[in-house]
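Take a look at the letters that make up each chain.
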Amino acid sequence: MDLLGSILGAMDKPPARDKKEKEMIEKQKKELEMMRNKERDELNRFRKYAEERLGRLVKDPVRTYMEFQPLDKVHRSVVHDIAEIAGLVAMSFGVEGVDRYIVVYKKEGMPSEDELAVRRSGEPWNKQTAEEYCEKKKQQQMLEKELRKRPLEEKEVATPVSNYKDKYVHLIGQDAALEAAKKTESNKTYGYVPSENKRDVRSIEQTMADIQAKKKLKTQHAAEEPPEAVVDSSAGSTSGQP
């Protein structure tokens, strides 16, 4: 035996798998394969079912939409795929994992805003609900029409939902709230003089012209008056005399 052979012979061999362990692994593989085949067959059956239903929708000249029962994400994707191929529009409503369902519409029969609002709120859409919403819309339109006809002075004046004293009465008390809520008036003497209190009604230009005229007249009077004599108190006579 050569050196390499002796080394390989001396090495520990890998542990052999137990027969029961091998059988368990094979069994798990078979079960997994069966489960996958079952899921694939179930999806194929559902796809066939959905194709038949949507086929009837396309051929029905009266019906404009078709609603499916609550489905998981995988089954809804199948319906979306079939609807797209058939030229239809699929929309999902409801809560994921609870009651998420899908509705398929013909393109010429797309849902109204009322239907979308009802379905998104979690309520069912049917003939009775449609009639109720239609009646509400008519009443709203009639009310708006009546409001447009009414004169401006007859329209209701909007009032606040709350007032000052009610809002802060729990903080500052009833008396203080009433005092703070009293209507205030602007101080007409603060920062400016009201026109009714003004005595001088002249314009600024006229006022400046009058001031300049007064200054000029005062200067002329000062130039015309003679100089006053200076009295010498010690001599008892004026210093201007010889």
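Look up: the structure comes first, before these words.
Below you will find a few notes about this structure. (Residues numbered from 1 in each chain as written. Predicted model: local features only at pLDDT ≥ 70, side-chain atom pairs only at ≥ 80, totals over all residues. Heavy atoms only, no water.)

Describing the sheet that holds strand β2 (residues 89–93)
Applied cut-off: In this scheme, strands are said to pair when DSSP sees at least two bridges between them. Numbering of helices and strands starts at the N terminus; helices are DSSP runs of H or I of at least 4 residues and strands are runs of E of at least 2. Lines fitted to C-alpha atoms define the axes here, with helix axes fitted over just the stretch in contact, and angles between the N-to-C directions of these axes take values from 0 to 180 degrees.
Spatial strand order, β1-β3-β2: 3 strands in an open sheet with antiparallel pairing. If you trace the sheet from one side to the other, it starts and ends with β1 (65–67) and β2, each paired once. The sheet shows a mean angle of 20° between the axes of neighbouring strands, taken without regard to direction.

Regarding the pattern of salt bridges
Definition in use: Here, a salt bridge means any Lys or Arg side-chain nitrogen found within 4 Å of an Asp or Glu carboxyl oxygen.
According to the stated counting rule, one finds 6 salt bridges in the structure shown. Here Asp81 and Arg47 are joined by a salt bridge, their closest N and O atoms 2.8 Å apart. Here the residue Asp81 occupies a position in helix α3 (residues 73–85), and Arg47 occupies one in helix α2 (residues 19–59), the gap between them amounting to 34 residues. Of the charged contacts in the structure, one is a salt bridge between Asp114 and Lys137, with a shortest N-O distance of 3.1 Å. Note that Asp114 is positioned in helix α4 (residues 113–120) and Lys137 in helix α5 (residues 127–149), a separation of 23 residues in sequence. Taken together, the shared-partner salt bridges in this structure form one network comprising Arg47, Glu51 and Asp81.

Topic: the nonpolar core
Put simply, the rule reads: Among buried residues, those of type Ala, Val, Leu, Ile, Met, Phe, Trp, Tyr and Cys that are joined through side-chain atoms within 4.5 Å constitute a nonpolar core. Relative accessibility thresholds used throughout: buried, under 20% of the residue-type maximum; exposed, over 50%; partly exposed, between the two (1.4 Å probe, protein chains only). Here a residue-residue contact requires only that any non-hydrogen atoms of the pair lie within 4.5 Å.
Counting residues in hydrophobic clusters, the biggest one holds 15 residues, and the most contacted among them are Leu54, Phe68, Val79 and Val104. Not counting residues up to four positions away in its chain, the partners in contact with Val104 are Leu54, Leu57, Thr64, Tyr65, Met66, Phe68, Val79, Ala83, Leu88, Val89 and Ala90. Grouped together as the second largest cluster of nonpolar side chains are 5 residues, Phe93, Tyr101, Val103 and Leu116 included.

Side note on the pairing of strand β3 (residues 101–105)
In terms of residue burial, β3 counts as a mostly covered element, since 5 of its 5 residues are buried. Going residue by residue along β3, you find Tyr101, Val103 and Tyr105 tucked away on one face and Ile102 and Val104 tucked away on the opposite face as well. The pairing of β1 with β3 spans 3 bridges and is antiparallel. Across the sheet, the residue bridging to Tyr65 is Tyr105, located in β3. Bridge analysis of β2 against β3 gives 5 bridges, and the strand direction is antiparallel. The residue bridging Met91 from the neighbouring strand is Val103, located in β3.

Describing α2
Selection criterion: Given the number of residues in a helix, its expected span is that number minus one, multiplied by 1.5 Å.
Here α2 is 41 residues long and its end C-alpha atoms lie 60 Å apart, about the 60 Å a rise of 1.5 Å per residue gives. Taken together, the buried positions of α2 are occupied by Phe46, Ala50, Arg53, Leu54 and Leu57. Close packing links the buried residues of α2 with β1, α3 and β3.

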